[in-house]
Amino acid sequence: MGAAGARRARRAGGEPPAAPPGPLLRISGLTKGFPVDGERIQVLSGCSLEIDRGEVVAIVGQSGSGKSTLLNMVGLLDTADGGEHVFNGVDVTRLGEAGRARLRNTGIGFVFQSFHLLERRTALANVSVPLVLNGMPLIRRRALARELLESVGLGHRLGSRPHQLSGGEQQRVALARALSLNPPLILADEPTGALDAATSSAVLDQLISQARKRNAAVVIVTHDPLVAEAADRRITIREGKTFEEP
Amino acid sequence: MLRSLISGLVLAFAGSRANISRTILSCAGIVVGVGALIAVVTAGHVGQTYAKAYGEANTGVAATYEVTSPAPVDDVEAFEEDMLRAGGEAVALQQPLDSAGIQLRQGTSVFKDPTVFYTDPSLSDIRRMNLVEGRWFTEADKGSLAPVVVLSENLAEQLDPSGGYADLQIGNSEWLRARVAGVVEGTAMDDWGGSGTVYLMRSPATEEMAFPAGIGAADEMGMGLTYRVRVSPDGSPGEEAFTERLAGTSWRWGPQADTEMLIVFRADSFEEIEEVLGYLSLGLFGIAGITLTTGMLGVLNVGLVTVRERRRELATYRALGADRFAMFVVVVAEAVVVSVVAGLIALLGCYGIAGGVQAFVGDMLPAGVSVTVPLQGVLVGLGSAAAVGLLAGVIPAWRALRTSVVAGLRE
Ligand SMILES: Nc1ncnc2c1ncn2[C@@H]1O[C@H](COP(=O)(O)OP(=O)(O)O)[C@@H](O)[C@H]1O
Ligand SMILES: [Mg+2]
């Protein structure tokens, strides 16, 4: 997505620009290691992943297998040591810090296990953050944030702060925030890990249905077999590599 | 870049509002420091206007010479013309008269103590005459057959003002009905005895009363007339050049006068005031600067502590699309917002204090002087507050940027 495209998108009210051809995300041969006590621990040693628009993909694997590490790179929060990574037609390995930030803002929505809402800030203000960073004027971003909170069933909690909300409600605020600029990709790292079973399935249903409504792809890292079941595809990480499950 | 700047500012503002306790904590030091700075500027300004008003009322505006003529001056008019030619912009006679010779009388009371000056309308072009009532002399008063006077306030208070100070008389053995044109705020310089000052206007009707031996004749001490001469504000021509030029034309106005006796010196206190105030404000600025630095260290400290606490918050911003520059702006702008808010609080405090002081001592201050925070105080105060915030914000901001997004999100 070029700058002109992004500008057009903003003027059109957050609608994504015409999608470039090919899959939404293509990763191959991705490697990543971390220095630990002077040695380099190889966590990912050749991950490949291809995701189409609107697809819901679950990533499973044992704890410590590297699921979060992979997701952080898909989400442009961290850089890989090597490999190819094309997102929405952009070779992200060639982007600088500002370009990656811009792409995170408009192209990717995040839902974290621990919500990562800003404390002391209202639900409305939390949902507004990506809109502020996108340069949206006050009146429009207020209206849009309100609309988004209404769409996740929190129209009556606009002025609530995170500590006044239940875990499920907080995660719905985070979902509204992730959806706010209509990104083509939503990343969720164990989004229901901090929630009880009943709340989990409600939040998950909402995540998937909202994403499908907007034709956004979803990548969910999960332990929960039920979640994995709800996805279109399942990918396992084992010994630093990705495997497609049948 | 612009978008990062704007969004950084928006988030910073929202952040300072949301974290009131953090904001207040960082404020305290700045409030005191900026308050001290504004107080110093205000005090300096009041001091300067006070000294200027005092000096201009007592001695003259910048630059004023006191000129004592040699005696005798045969042609007073020519002497005065030549003072203008020598570089004077305005010339006024300001001749103290022998108080034994001229007194005031109203009814049966005689006032022999006031200092009496024989002077011209143009004196008000040289000195600041702060009129309390009526007006200063005009050229038209020259036609008056009665002597025209302006009285100092403390003298006027001893008189009966009814009917425009009716039956006020001036003279000694021979009394003339005096016309009071106005009342002026007294000055320490003119009121030697403390019992008031009379300004008697030079006119054909009064010349003989003022100078029984004739104007321009030598007095008992062999001295001539005393003048106030205003020259250019930068003090040119200097006293020497002025004296030389004036003495050079003595053949016109006093061929028998000994020009060695011509005395010219700078009367206004402008240069001394500037110098004293300069030293004074240097010291006060030093104190304010130290206070402000202490305040800045406070903001810096709070900034550093909160950045450690805020790594998660800042990482969240970055995950949601803030680039490094926007993050930098967020942290720096929060410090600036905090400092400017503190500066505004300090400013309000100073306005309050100045208002209180004015209510208390306002009556004692000379005309044109009041205790108020001057515009430069506002600018210096808010400017230094913003500068301190900027300085105090940069180090925490740089710290904040060193953490990786992933590490910040894991906290
Ligand atoms: N910043 C880091 N420094 C060192 N080791 C790390 C770092 N991040 C992750 N790791 C290691 O990489 C491995 C994979 O971590 P992670 O991706 O979080 O696993 P998962 O999410 O699948 O449980 C773990 O062994 C973890 O200790
Ligand atoms: Mg994990």
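Calculation notes
- Residues numbered from 1 in each chain as written.
- Chains lettered and ligands numbered in written order.
- Predicted model: local features only at pLDDT ≥ 70, side-chain atom pairs only at ≥ 80, totals over all residues.
- Heavy atoms only, no water.
- Helix = DSSP H or I, 4+ residues; strand = E, 2+ residues; numbered from the N terminus.
- Buried < 20%, exposed > 50% of the residue type's maximum accessible area, 1.4 Å probe, protein only.
- Contact = heavy atoms within 4.5 Å.
- Areas by Shrake-Rupley, 256 points an atom, 1.4 Å probe, with all protein chains shown as cover.
- Pairing = 2+ DSSP bridges.
- Axes fitted to C-alpha atoms, helices over the stretch in contact; angles between N-to-C directions.
- Near = heavy atom within 4 Å.
- Polar contact = N/O pair within 3.5 Å; in protein donor to acceptor, adjacent residues only side chain to side chain.
- Core = buried A, V, L, I, M, F, W, Y, C linked by side-chain atoms within 4.5 Å.
- Buried area = accessible area lost by both parts, 1.4 Å probe.
- Salt bridge = Lys/Arg side-chain N within 4 Å of Asp/Glu carboxyl O.
- Nonpolar A, V, L, I, M, F, W, Y, C, P; charged D, E, K, R; others polar.
- Patch = residues over 30% accessible without salt bridge, like charges linked within 9 Å, V, L, I, M, F, W, Y side chains within 5 Å.
- Parallel < 35°, antiparallel > 145°, perpendicular 65-115°, else oblique.
- Left-handed = near helix turned anticlockwise from the far one by under 90°.
- Phe/Tyr/Trp six-rings, centres within 6.5 Å; stacked < 30°, edge-to-face > 60°.
- Lys NZ or Arg CZ within 6 Å of the ring centre and 35° of its normal.

Colleague: Even after reading the chapter, I still don't get the overall build of chain A, so can you show me in this structure?
Modeller: Per the secondary structure count, chain A includes eight helices and ten strands. Across the 246 residues of chain A, 53% fall into the buried class. For chain A, the share of sequence-separated contacts (at least 6 apart) that also reach a separation of at least 24 residues comes to 70%. Total accessible area on chain A is roughly 10800 Å²; 50% of this is exposed by carbon and sulfur atoms.

Colleague: Help me understand the sheet that holds strand E9 (residues 175-177) of chain B in this model?
Modeller: All names here are of chain B. Pairing is antiparallel across the open sheet formed by four strands, whose spatial order is E4-E3-E8-E9. Every other strand in the sheet has two partners, leaving strand E4 (109-111) and E9 as the edge strands with one partner each. Going from strand to strand, the sheet's axes swing by 30° on average, the running direction of each strand aside.

Colleague: Explain the site of ligand 1 to me, please; I cannot follow it from the model alone.
Modeller: Taken together, the neighbourhood of ligand 1 is formed by Phe34(A), Val36(A), Val43(A), Gln62(A), Ser63(A), Gly64(A), Ser65(A), Gly66(A), Lys67(A), Ser68(A), Thr69(A) and Arg410(B). This site is not confined to one chain, since residues near ligand 1 come from chains A and B. With respect to ligand 1, the side chain of Thr69(A) contributes an N or O atom lying 2.6 Å from an oxygen atom. The fraction of the free accessible surface of ligand 1 (560 Å²) that becomes covered by protein chains is 64%.

Colleague: Sorry if this is basic, but what is going on with the nonpolar core here?
Modeller: Here is a general trend for soluble globular proteins: nonpolar side chains tend to be buried in one another's company. Residues and elements named next belong to chain B. Val67, Phe79, Met83, Leu151, Tyr227, Val229 and Phe242 are the most contacted members of the largest nonpolar core, which totals 43 residues. At four residues, the largest contribution of residues to this core is made by helix H3 (residues 76-85). Excluding anything up to four places from it in sequence, valine 229 contacts Ala63, Thr64, Tyr65, Val67, Met83, Gly88, Ala90, Val91, Ile126 and Phe242.

Colleague: Explanation requested: the interface of chain A and chain B in the structure shown.
Modeller: When the parts come together, some accessible area is lost, and that loss is often what is quoted as the size of the interface. With 25 residues of chain A at the contact, the number on the chain B side is 22 residues. In this assembly, chain A packs against chain B so that about 2300 Å² is buried in total across both faces, 59% of it on carbon and sulfur atoms. It is His116(A), Arg121(A) and Leu133(A) that lose the most area in chain A upon contact with chain B, and together they represent 29% of the buried surface on that side. Between chain A and chain B we count two salt bridges in total. We note a salt bridge from Arg121(A) to Glu313(B), for which the minimum N-O separation is 3.2 Å. For the pair chain A and chain B, the number of links is seven residue pairs in polar contact (both at pLDDT 80 or more). Secondary-structure elements contributing two or more residues to the side of chain A that touches chain B are helix H3 (97-107) and helix H4 (123-133) of chain A. Here the element with the most residues in the side of chain A that touches chain B is H3(A); it accounts for six residues. In the side of chain A that touches chain B, the residues fall into ten nonpolar, six polar and nine charged.

Colleague: Whenever I open this one, the environment of Val110(B) confuses me. Can you help?
Modeller: Examined against the element boundaries, Val110(B) turns out to sit in strand E4. The partly exposed category is assigned to Val110(B), whose relative accessible area is 41%.

Colleague: Looking at this structure, I do not really get the sheet that holds strand E5 (residues 90-91) of chain A. What am I missing?
Modeller: Across a sheet, paired strands are connected by hydrogen bonds in the backbone, their directions being either parallel or antiparallel. Read from one edge of the open sheet, four strands run E2-E1-E4-E5 (chain A), paired in antiparallel fashion. Whereas interior strands pair on both sides, the edge strands pair on one side only; in this sheet they are strand E2 (39-51) and E5 of chain A.

Colleague: Any chance you could explain the pairing of strand E10 (residues 179-184) of chain B here in plain terms?
Modeller: Taken residue by residue, a regular strand's side chains alternate between the two faces of the sheet. Residue and element names in this part refer to chain B. With five of six residues buried, E10 is to be regarded as a mostly interior element. Sheet topology places strand E6 (residues 131-134) next to E10; three bridges connect them, and they run antiparallel. In the sheet register, leucine 131 faces E10, and the bridge partner there is valine 184. Sheet topology note: the strand E7 (residues 148-152)/E10 ladder contains five bridges and is parallel. Directly across from serine 152, in E10, lies its bridge partner valine 184.

Colleague: Hey, could you run me through a nonpolar patch on the surface in this one?
Modeller: All names here are of chain B. Together, Leu2, Leu5, Ile6 and Leu9 line one region of the surface with nonpolar side chains, adding up to about 360 Å² of accessible area. Structurally, the position occupied by isoleucine 6 is in helix H1 (residues 2-18). According to the relative accessible area criterion, isoleucine 6 is partly exposed, its value standing at 46%.

Colleague: Please clarify how the packing of H1(B) against helix H11 (residues 324-361) of chain B should be interpreted in this entry.
Modeller: The description of two packed helices rests on the angle between their axes and on the distance between the axes. Residue and element names in this part refer to chain B. The interhelical angle for the contact between H1 and H11, taken along N-to-C directions, is 45°, at an axis separation of 7 Å. Classified by the angle between their axes, H1 and H11 sit oblique to one another. The two elements H1 and H11 cross, and the hand of that crossing is right-handed. Across the interface between the two elements, Ser4, Leu5, Gly8, Leu9, Leu11, Ala12, Phe13, Gly15 and Ser16 of H1 pack against Phe325, Ala326, Val329, Val330, Ala333, Glu334 and Val337 of H11. For the contact of H1 with H11, a count of residues per class yields eleven nonpolar, four polar and one charged.

Colleague: Before we go on, may I ask you to explain the packing of aromatic side chains in this structure?
Modeller: Counted under the stated rule, the structure contains nine aromatic pairs over all chains. A ring pair is formed by Tyr118(B) and Phe211(B), whose centres lie 5.5 Å apart and whose planes are at 75°; its orientation type is edge-to-face. Of this pair, Tyr118(B) sits in strand E5 (residues 115-119) while Phe211(B) sits in the loop between helix H6 (207-210) and strand E12 (226-230); the two residues are 93 residues apart in sequence, bridging distant segments of the chain. Here Tyr118(B) falls in the buried class, since its relative accessible area comes to 0%. With centroids separated by 4.7 Å and ring planes inclined at 50°, the aromatic side chains of Trp136(B) and Phe137(B) adopt a geometry described as tilted. The residues Trp136(B) and Phe137(B) share a single accessibility class, namely buried. One aromatic cluster in this structure is built from Phe117(B), Trp136(B), Phe137(B) and Tyr199(B). Note that Arg238(A) overlies the ring of Phe243(A), its terminal NZ or CZ placed 4.7 Å from the centroid.

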